[in-house]
Amino acid sequence: MSSALMVPAKDPMGAAIRDYHINGKADTLVVRSSMFDDEEIPVAELFRSYDDMPELERCALSLAEGRILDVGAGSGCHSLALDAMGKECVAVDISPLSVEVMLDRGVDARLKDFYDESFSERFDTVLMLMNGTGIIGNLDNMERFFGRLKNLLAPGGSALVDSSDLRYLYEEEDGSLMIDLAGDYYGQLDYQMQYKDVVGEQFDWLYVDFDTLASYAEQNGFTAELVYEGDHYDYLARLIMNI
């Protein structure tokens, strides 16, 4: 998994966000994977208001408290919603174009990598939405992920993270699962994005079921609470650092 900041020439999502911010519209943002067919991300949805957010996200925003870190903030829609609720929020993203847009929208945004050890401020809530477990990349990176949470969370703080259990993609009609147990974990994907002629680097992205996340949390000094379950294998978890 890459943990470096992006450059504008290889920042397709940032280019799409900037286009939409400037022009009120954008071309197609394509997501490719070696495991699935190409998908399109509706760029307008990245600018959704609080009222247009799914219930899981509204639940997370209501639970976020104290000084909040919005990780992978994109266009800043969650940070703006938190600001409207009177909550204090700092947004970070590795996309320079996205950070430019957030600053223009009035968000306290910084071009920072979650894994950058020099970023050592403390927060009461670390908010990671839109499959927040994605930046873990793969299960081998769990220890590093929880280590960063320990460095970023203030005493008594917690992280709010969402994900989905992709087992439904492998379910047969009789309920059995067509998963290669000898292979990699079924939620570990590779992605690559393209917007117009801007092609990003390939990156690892992790979808993780709650039980697996809870197990790794326990191994790394955290307790995982299931605080919301959606209708389509999606969920919101609170990760609390053990004293």
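Residues numbered from 1 in each chain as written. Predicted model: local features only at pLDDT ≥ 70, side-chain atom pairs only at ≥ 80, totals over all residues. Heavy atoms only, no water.

Right, let's talk about the sheet that holds strand β3 (residues 67–71) for a bit. Within a sheet, each strand pairs with its neighbour through backbone hydrogen bonds, oriented either parallel or antiparallel. Read from one edge of the open sheet, seven strands run β5-β4-β3-β6-β7-β12-β11, paired in mixed fashion. In the strand order of this sheet, the two ends are held by β5 (109–111) and β11 (222–229), each with one partner. Across the sheet, the mean angle separating the axes of adjacent strands is 20 degrees when strand polarity is ignored. Here three bridges tie β3 to strand β6 (residues 123–128), and the two strands are oriented parallel to one another. Note on β6: the bridge partner recorded for Asp70 is Leu127. Together, β4 (88–93) and β5 form the strand contacts of helix α4 (residues 96–104), whose direction differs from that of β5 by roughly 160 degrees. Lying on the sheet, helix α6 (residues 210–219) is in contact with β11 and β12 (234–241); it crosses β11 at an angle near 155 degrees. (Pairing = 2+ DSSP bridges. Helix = DSSP H or I, 4+ residues; strand = E, 2+ residues; numbered from the N terminus. Axes fitted to C-alpha atoms, helices over the stretch in contact; angles between N-to-C directions. Contact = heavy atoms within 4.5 Å.)

A separate point is the side chain of Asp93. As for its position among the elements, Asp93 is in strand β4. Here Gly74 takes part through its backbone nitrogen, which lies 2.8 Å from a polar atom of the side chain of Asp93. (Polar contact = N/O pair within 3.5 Å; in protein donor to acceptor, adjacent residues only side chain to side chain.)

On inspection of all chains with the given rule, the structure shows 11 salt bridges. The partner of Lys10 in a salt bridge is Glu201, and the shortest N-O contact between them spans 2.8 Å. In this pair, Lys10 sits in the segment before α1 (12–23) while Glu201 sits in the loop between β9 (198–199) and β10 (203–206), placing the two residues 191 residues apart along the sequence. Classification of Lys10 as partly exposed rests on a relative accessible area of 39%. (Salt bridge = Lys/Arg side-chain N within 4 Å of Asp/Glu carboxyl O. Buried < 20%, exposed > 50% of the residue type's maximum accessible area, 1.4 Å probe, protein only.)

With that settled, the discussion passes to the nonpolar core. Grouped together as the largest cluster of nonpolar side chains are 40 residues, with contacts concentrated most on Leu69, Val126, Phe145, Phe146, Leu149 and Leu239. The element that contributes the greatest number of residues to this core is helix α5 (residues 142–152), accounting for five residues. Residues in contact with Phe145, not counting those within four places in the same chain, are Phe114, Tyr115, Met128, Ile136 and Leu239. The next biggest cluster of nonpolar side chains, apart from the first, holds 16 residues, and it includes Cys59, Ile68, Ala81 and Leu236. (Core = buried A, V, L, I, M, F, W, Y, C linked by side-chain atoms within 4.5 Å.)

A separate point is the environment of Tyr170. Within the fold, Tyr170 resides in the loop between β7 (153–164) and β8 (188–195). Classification of Tyr170 by relative accessible area gives partly exposed; the value is 22%. Spatially, the C-alpha atom of Tyr170 lies 37 Å from that of Pro8, the residues being 162 residues apart in sequence.

Here we take up helix α2 (residues 55–63). Each α-helix winds once per 3.6 residues, and so residues spaced three or four apart point in a common direction. Listed in full, the buried residues belonging to α2 are Leu56, Glu57, Cys59, Ala60 and Leu61. Residues of α2 that are buried sit in contact with α3 (77–84), β6, β7, β11 and β12.

Applying the stated criterion across every chain, the model contains 10 aromatic pairs. Note on Tyr185 and Tyr186: the rings are 4.6 Å apart at their centroids and 35 degrees apart in plane angle, and the pair reads as tilted. Pair check on accessibility: Tyr185 and Tyr186 agree, each one buried. Pairing Phe210 with Tyr235 gives two aromatic rings, centres 5.7 Å apart and planes at 80 degrees, and the pair type is edge-to-face. Of this pair, Phe210 sits in helix α6 while Tyr235 sits in strand β12, placing them 25 residues apart in sequence. Grouping residues by exposure puts Phe210 and Tyr235 together as buried. Cluster of aromatic residues (ring-pair linked, three or more members): Phe114, Tyr115, Phe145, Phe146 and Phe222. (Phe/Tyr/Trp six-rings, centres within 6.5 Å; stacked < 30°, edge-to-face > 60°.)

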